[in-house]
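What follows is the residue order along each chain.
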Amino acid sequence: MPEVNIQHLEKVYDNKVKAVHDFNLDIADGEFIVLVGPSGCGKSTTLRMVAGLEDITSGDLIIDGKNCTRLPPKDRDIAMVFQNYALYGHMTIYENMAFSLTLRKEKKDVIHRKVMAAAEILDLKSQLNKKPKQLSGGQRQRVAMGRAIVRNPKVFLFDEPLSNLDAKLRGSMRRELILLHKKLNATIMYVTHDQTEALTLADRIVCMSMGHVQQIGKPIELYEKPANTFVATFIGLPPMNMFEGVIEKGKFKSSLFEYPLNDAQKDLLKGYEGQSVILGVRPENITRDGNVKLHITNNENLGMNTLVHGKIGGVKIIVCKFAEWCNYKVGEEINIGFDPEMMHFFELPEGDIPGKAIRQGGENDGTD
Ligand code: ADP
């Protein structure tokens, strides 16, 4: 039985904004799920419906076999960690962590045991007598997690918990979260707009856009087999380069270049002869040979690799990521190609609906 079972969840706000459309997900016990997508895509609304902070317009939420759709937050056996930590400034760290248990009128010795156990896990034992303002951002974030841990909930909900931290601290907190998840074997639903957090933290990612789930899968599935043009460009940094063109006589022909297809690609695209499609190539899958002329506009050495920006046909701006240290000059022209194993093809988007990935056997949906 899944720990959390979400069926056809929908949210329509009072102002008629439909923030979430038909959200379906089973979360296994101990699974780390990350909801990712741009601002306004409905991820916080989804999390807040699971938490009980927003009414569920329709659909069902089942946690550990219990239908929680209409239950108040306190009866759902969940704990939420917020972006702004929501710590009480006048209380010590110990009191902050003990707060929910004190409210529940737990015995003092039980509270003490739970707070000390959480402080041990989070390396906060030496901070317990301090006030929140005496702690660093990272430590405060850990206290916020400590408050959730002492309650030993069925599910932890995290709403952009790292977005107030600077880049370096975010990296170290990410690594701490991975270890914490292993230690606690906790079931986690985590919201972020940051694709790096999604890729590094998640057992499975739920990628959303405009209130719709676009793809659910392991990080590598979203990276290697994006279900559509939205996921393809949202996951991966720098984003995938996209070119529109027509499939014609064994070639992908755009107004900027023509590119020969190999046998596997011809086979994949045989139903698309004469039709427009999108070719997607990640910056790291661009090679330094091939028949496409790139006019260099920028050469950024990052130490372990080089980001090379350039224009094709004077108009199309793309970015390449070469593993080598490169020293191209602005204005230089080079030949590039695409790793044939890593060329992605999509149907054209229609209005707001992203273009579907074209895959062998038609399995181009990507949700599971
Ligand atoms: P995200 O967390 O992905 O940034 P949200 O879930 O906060 O997105 O918002 C999804 C959509 O719902 C947005 O269009 C947002 O403007 C709208 N929305 C969020 N909260 C409310 C509200 N209380 N009333 C009306 N519309 C809302």
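Residues numbered from 1 in each chain as written. Predicted model: local features only at pLDDT ≥ 70, side-chain atom pairs only at ≥ 80, totals over all residues. Heavy atoms only, no water.

Can you explain the sheet that holds strand E18 (residues 333-338)? Please cite residues and give values.
Spatial ordering of the open sheet is given by E17-E16-E15-E18, a layout of four strands whose pairing is antiparallel. In this open sheet, the two edge strands, each paired with only one partner strand, are strand E17 (316-322) and E18. The mean angle between the axes of side-by-side strands here comes to 50 degrees, regardless of whether they run parallel or antiparallel. In the sheet, strand E16 (residues 306-312) pairs with E17 via seven bridges, with the strands oriented antiparallel. Counted as the bridge partner of Ile312 is Lys316 from E17. (Pairing = 2+ DSSP bridges. Helix = DSSP H or I, 4+ residues; strand = E, 2+ residues; numbered from the N terminus. Axes fitted to C-alpha atoms, helices over the stretch in contact; angles between N-to-C directions.)

How would you summarise helix H3 (residues 108-122) if you had to cite specific residues and measurements?
Taking 1.5 Å of rise per residue, the 15 residues of H3 would be expected to cover 21 Å, and the 21 Å separating its terminal C-alpha atoms lies within 8% of that figure. For H3, the full list of buried residues reads Val110, Ile111, Val115, Ala118, Ala119 and Leu122. End-on view of H3: buried residues confined to an arc of 160 degrees, all on one side of the axis. Among the exposed residues of H3, those oriented more than 90 degrees off its buried face are Asp109 and Arg113. As for H3, its buried residues are in contact with helix H2 (93-103), helix H4 (137-149) and helix H5 (167-184). Immediately beyond the C-terminal end of H3, within one or two residues, lies Asp123, with a positive phi of roughly 60 degrees. (Expected span 1.5 Å × (residues − 1). Buried < 20%, exposed > 50% of the residue type's maximum accessible area, 1.4 Å probe, protein only. Arc of directions from axis to C-beta. Contact = heavy atoms within 4.5 Å.)

So what's going on with the layout of surface pockets? Residues and values would help.
Unoccupied space between atoms shows up once a probe the size of one water molecule is rolled over them. Volume-wise, the largest pocket comes out at about 600 Å³. Forming the walls of the largest pocket are 21 residues, and the residues nearest its centre are Ile78, Ala79, Met80, Ser100 and Arg151. Elements with a contribution of two residues or more to the lining of the largest pocket: strand E6 (78-81), H2 and H4. Taken together, the residues of the lining of the largest pocket break down into 15 nonpolar, two polar and four charged. In this model, the second largest pocket occupies a volume close to 470 Å³. (1 Å grid on protein atoms, 1.4 Å probe; cavity = no way out; pocket = protein on both sides within 12 Å on 5 of 7 lines; lining within 4 Å. Points joined across faces, edges and corners; volume = space filled by probe spheres on them. Nonpolar A, V, L, I, M, F, W, Y, C, P; charged D, E, K, R; others polar.)

I'd like a description of the packing of H2 against H4, backed by residues and values.
Contact pair H2 / H4: the axes reach a minimum separation of 7 Å and the direction vectors enclose 35 degrees. Crossing of H2 against H4: the hand is right-handed. Each of Ile93, Asn96, Met97 and Ser100 in H2 lies in contact with H4, whose residues at this interface are Val143, Gly146 and Arg147. (Left-handed = near helix turned anticlockwise from the far one by under 90°.)

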